[in-house]
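Fold and geometry: a report
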Amino acid sequence: VMALFTYWASIGLWSPPAAISGKRPHLPDVSIENFSARKLDNKGSVQYAVSASSLIHYSDDGSAQASNIRFVSHLPGKPQLTAKAPTGVLRTGPSGEEEVELTGGVDAESTVTEKVPATQMHAPNMVLYPDRMLAQANQGVTLSSASGHASADRMVLDGDSGKIRLVNAVATFERMRR
């Protein structure tokens, strides 16, 4: 009992405060049910929307854990990307850009454009970089569209150019008819 009390006291009572140690505990400060947010450009147009059945925010690093997360891009003239997953993390990356990490089995879909057919994507995990219009999957990804199917070890989808880069891919595609 004395050892347990000593351990508790050393952790809880005698640890330097966060201001001195430089570390803040990773504890939630806000919990939101039925979360929904939209990022607007300087003209007030929606760039993308994020929603989740629940969201827990952590003040120490500004990250947020989300359940049943859904991301939808809304950029004019670009394919709309919709991605959803059972879990996810919203955070600011090392370079200061926003990141949306989807985990637990990601289902994503991009809409049809003049150059690219509607495409469905599935991966265990996917990281979205909304400001650069990039989606990246670093573990077994599958893609399917009206023109074919592909599986790859990794994928980078560039929403700005409409190009998809696959690493170690096996694919069967037909040329899209115009």
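The structure under discussion appears in the preceding block.
The following refers to the structure shown. (Residues numbered from 1 in each chain as written. Predicted model: local features only at pLDDT ≥ 70, side-chain atom pairs only at ≥ 80, totals over all residues. Heavy atoms only, no water.)

Of regular secondary structure, the protein chain possesses two helices and 14 strands. For the protein chain, the residues scored as buried account for 31% of the 178 residues in total. Counted over contacts in the protein chain with a minimum sequence separation of 6, partners at least 24 positions apart contribute 36%. About 11200 Å² of surface is accessible on the protein chain, with carbon and sulfur atoms providing 55% of the total. (Helix = DSSP H or I, 4+ residues; strand = E, 2+ residues; numbered from the N terminus. Buried < 20%, exposed > 50% of the residue type's maximum accessible area, 1.4 Å probe, protein only. Contact = heavy atoms within 4.5 Å. Areas by Shrake-Rupley, 256 points an atom, 1.4 Å probe, with all protein chains shown as cover.)

Bringing the pattern of salt bridges into the picture now. Side chains bearing opposite charge may pair, as long as their charged atoms lie close to each other. On inspection of all chains with the given rule, the structure shows five salt bridges. Between Glu99 and Arg91 there is a salt bridge whose closest N-O contact spans 2.8 Å. The exposure class of Glu99 is buried, given its relative accessible area of 9%. On the accessibility criterion, Arg91 (27% relative accessible area) is partly exposed. Two residues, Arg132 and Glu97, come together in a salt bridge whose shortest N-O distance is 2.9 Å. A residue pair is termed long-range when its members are at least 10 positions apart, and Arg132 in the loop between β8 (126-129) and β9 (134-137) and Glu97 in the loop between β4 (81-92) and β5 (98-103) qualify at 35 residues. Note on Arg132: relative accessible area 44%, which makes it partly exposed. (Salt bridge = Lys/Arg side-chain N within 4 Å of Asp/Glu carboxyl O.)

Moving on to the side chain of Ser73. Among the secondary structure elements, Ser73 is positioned in strand β3 (residues 64-73). On the accessibility criterion, Ser73 (10% relative accessible area) is buried. Here Leu81 takes part through its backbone nitrogen, which lies 2.8 Å from a polar atom of the side chain of Ser73. For Ser73, the contacting residues outside a window of four places in its chain are Gln47, Tyr48, Pro79, Gln80 and Leu81. (Polar contact = N/O pair within 3.5 Å; in protein donor to acceptor, adjacent residues only side chain to side chain.)

So, on to unusual backbone geometry. Excluding glycine, residues mostly have negative phi values, and the peptide bonds linking residues are mostly trans. Even without being glycine, Asn68 reaches a positive phi, approximately 50°. As for its placement among the helices and strands, Asn68 is situated in strand β3. For Met133, which is not glycine, the phi dihedral falls at a positive 55°. In this structure, Met133 sits in the loop between β8 and β9.

Before going further, it helps to examine the packing of aromatic side chains. Taken as a whole and assessed by the stated rule, the structure comprises one aromatic pair. The lysine or arginine in question, Arg132, covers the ring of Tyr129, its NZ or CZ lying 4.9 Å from the ring centre. (Phe/Tyr/Trp six-rings, centres within 6.5 Å; stacked < 30°, edge-to-face > 60°. Lys NZ or Arg CZ within 6 Å of the ring centre and 35° of its normal.)

Now for the pairing of strand β6 (residues 106-110). By the alternation rule, side chains of β6 split into Val106, Ala108 and Ser110, which are all buried, and Asp107 and Glu109, of which none is buried. Note: β4 against β6, four bridges, orientation antiparallel. If you follow Ala83 over to β6, its bridge partner there is Ala108. Across five bridges, the pairing between β6 and strand β7 (residues 119-123) is antiparallel. The partner of Asp107 across the bridge, within β7, is His122. (Pairing = 2+ DSSP bridges.)

Geometric descriptors of this kind do not, in isolation, establish any biological role.
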